[in-house]
Amino acid sequence: MKELTVKYQQFDSWKSLSDGDQSLVEAAYEISKNAYAPYSKFLVGAAVLLENGEVILGSNQENIAFPSGLCAERTALFYAGANFPHLKVMKIAIVAVGDLVPLDKILSPCGGCRQVMLETEVRQKAPYEVILVSQNETTIVFSAASDLLPFAF
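Figured I'd write up the structure that's included with this text. (Residues numbered from 1 in each chain as written. Predicted model: local features only at pLDDT ≥ 70, side-chain atom pairs only at ≥ 80, totals over all residues. Heavy atoms only, no water.)

### Describing the overall build of the protein chain
Secondary structure summary: the protein chain contains 3 helices and 6 strands in total. The linear arrangement of helices and strands in the protein chain, starting from the amino end, is β-α-β-β-α-β-α-β-β. Computed over the C-alpha atoms, the radius of gyration of the protein chain is 15 Å, within 12% of the 15 Å expected from 2.2 N^0.38 for a compact globule of 153 residues. Dimensions of the protein chain along its principal axes, counting C-alpha atoms only, are 40 × 40 × 35 Å. Residues counted as buried form 42% of the 153 residues belonging to the protein chain. If you take every contact in the protein chain between residues at least 6 apart in sequence, the share linking residues at least 24 apart comes to 65%. As displayed, the protein chain offers around 8700 Å² of accessible surface, 56% of which is attributable to carbon and sulfur atoms. In the protein chain, 12 side chains carry a positive charge and 17 a negative one; their mean positions are 6 Å apart. (Helix = DSSP H or I, 4+ residues; strand = E, 2+ residues; numbered from the N terminus. Rg over C-alpha atoms; globule rule 2.2 N^0.38 Å. Buried < 20%, exposed > 50% of the residue type's maximum accessible area, 1.4 Å probe, protein only. Contact = heavy atoms within 4.5 Å. Areas by Shrake-Rupley, 256 points an atom, 1.4 Å probe, with all protein chains shown as cover. Lys, Arg positive; Asp, Glu negative; His and termini not counted. Charge placed at Lys NZ, Arg CZ, Asp CG, Glu CD.)

### Looking at the packing of aromatic side chains
The final tally for this structure, using the stated rule, is 2 aromatic pairs. Arranged with centres 5.7 Å apart and planes meeting at 50°, the rings of tyrosine 8 and phenylalanine 142 form a pair that is tilted. In this pair, tyrosine 8 sits in the segment before strand 1 (9-11) while phenylalanine 142 sits in strand 6 (residues 139-142), placing the two residues 134 residues apart along the sequence. Classification of phenylalanine 142 by relative accessible area gives buried; the value is 9%. Considering the side-chain rings of tryptophan 14 and tyrosine 29, the 5.9 Å spacing of their centres and the 45° angle between planes classify their relative orientation as tilted. Note that tryptophan 14 is positioned in the loop between strand 1 and helix 1 (19-32) and tyrosine 29 in helix 1, a separation of 15 residues in sequence. Residue classification places tryptophan 14 among the buried residues on the basis of a relative accessible area of 8%. (Phe/Tyr/Trp six-rings, centres within 6.5 Å; stacked < 30°, edge-to-face > 60°.)

### What to know about the environment of alanine 72
Its location among the elements puts alanine 72 in helix 2 (residues 72-83). Counting along the chain gives 24 residues from alanine 72 to alanine 96, while the straight-line C-alpha distance between them is 9.6 Å. With near-sequence residues (within four places) excluded, alanine 72 lies in contact with Val44, Gly45, Ala46, Gly58, Ser59 and Asn60.

Below is the structure:
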């Protein structure tokens, strides 16, 4: 039998993060207000920090013709890839507000988002931090997106 280990840091609150990381989380919360989520009522925001200091924002955009919508993570990462293809992603902060996930549960990106997050690392040949914030402020920080999808394509 083999064992799989994932390393991460856990904080009681995202307010315990560095000032820069707190700003990234705040930006994710702010953009979550722009989510179009009339069906799930689950507002998700993602803030991507690029190596030049630019922050790219994305929110989930639902569509009645499911699955034609798009998650916040992919919205932000695809925008970054399309508009800044030569800049590395340094971090992504992901937050959510709504009843879809209990307050004490860490938001976990869907499989499609995990694959896109990993593909971004592969494309740029460098890992980046992933900050996940629960609704009760518990925060988990992974040092690489690949930690979220150990058996990727």
